[in-house]
Amino acid sequence: SLTDVKQDPATGREEVTGVTETRWTPLVLNLLIGASIIFLKDILGQIPMCVLSGIFFYLGLAAMRGNEFLERVGMTLITDPAKMPASSPLTKSVSLPTLKKFTIMQIACLAVMWWIKGSPAAMLFPILIAALGPVRIVAGKAGWFTQEELNALDEQVETDPGYVYQAA
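Residues numbered from 1 in each chain as written. Predicted model: local features only at pLDDT ≥ 70, side-chain atom pairs only at ≥ 80, totals over all residues. Heavy atoms only, no water.

Q: Before we go on, may I ask you to explain the nonpolar core in this structure?
A: A general trend in soluble globular proteins is that nonpolar side chains are found buried together. Formed by 13 residues in total, the largest nonpolar core has its most connected members in Met84, Leu99, Phe102, Phe145 and Leu153. Here this core gets four residues from one element, more than from any other, and that element is helix H6 (residues 96-118). Leaving out residues up to four positions away in the same chain, Met84 has contacts with Met75, Ile78, Thr91, Leu96 and Leu99. (Core = buried A, V, L, I, M, F, W, Y, C linked by side-chain atoms within 4.5 Å. Buried < 20%, exposed > 50% of the residue type's maximum accessible area, 1.4 Å probe, protein only. Helix = DSSP H or I, 4+ residues; strand = E, 2+ residues; numbered from the N terminus. Contact = heavy atoms within 4.5 Å.)

Written as structure tokens, this is what we have:
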């Protein structure tokens, strides 16, 4: 749906003034995909699996470009702060040790989630996903990161009362 908003001059916050439903487009798109699978099954069956694998491999690689987490994982391998890429906005807002510490914390959370997903305790996976928010809050409250560093490193969530962006 498309949301119409206006800014409240008193509070400076955006208020929703209306919503336009746009459910027809995804419905028609999915119907066309389903119809193509049903009616073009013979033609689609002639496409070699290696071609389909190559297309999906390319799409996966293309989706990785611009992924901030993967960029930060690459930056954790940098030892000299002068060699940080100038194109990244993180190079101006946080120090290299802070960037590494935050990224290693995220890698550790990812490793724990990956381990839980493949273990007999896999049914706890949704609880683990829900615990990621409190992990970020604890990291800020414990003094591992300042509020400004968390705002720069992680997407700010306006509904989180403990971590609303504070302009200087």
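So, next bit.
Q: I keep staring at the packing of aromatic side chains and nothing clicks. Help me out?
A: The geometry of an aromatic ring pair is captured by two quantities: the separation of the ring centres and the angle between the planes. What the rule picks out here adds up to one aromatic pair. With a centroid separation of 5.4 Å and an interplanar angle of 80°, the aromatic rings of Phe102 and Phe145 are classed as edge-to-face. One end of the pair, Phe102, is in helix H6; the other, Phe145, is in the loop between helix H8 (132-141) and helix H9 (147-153), and 43 residues separate them in sequence. On the basis of relative accessibility, which here comes to 1%, the residue Phe102 falls in the buried class. Its relative accessible area of 4% is what places Phe145 among the buried residues. Here Lys101 stacks its cationic end above the ring of Phe145, 5.1 Å away from the centre of that ring. Above the face of the Trp114 ring, Lys117 is positioned so that its terminal group lies 4.7 Å from the ring centre. (Phe/Tyr/Trp six-rings, centres within 6.5 Å; stacked < 30°, edge-to-face > 60°. Lys NZ or Arg CZ within 6 Å of the ring centre and 35° of its normal.)

Q: Teacher, can you tell me more about the side chain of Glu149 here?
A: Mapped onto the elements, Glu149 comes out in helix H9. Although Glu149 is buried, it makes no salt bridge; Lys101 carries the closest opposite charge, 5.9 Å away. Here the side chain of Glu149 touches Thr98 through a polar contact of 3.3 Å, side chain to side chain. (Lys, Arg positive; Asp, Glu negative; His and termini not counted. Salt bridge = Lys/Arg side-chain N within 4 Å of Asp/Glu carboxyl O. Polar contact = N/O pair within 3.5 Å; in protein donor to acceptor, adjacent residues only side chain to side chain.)

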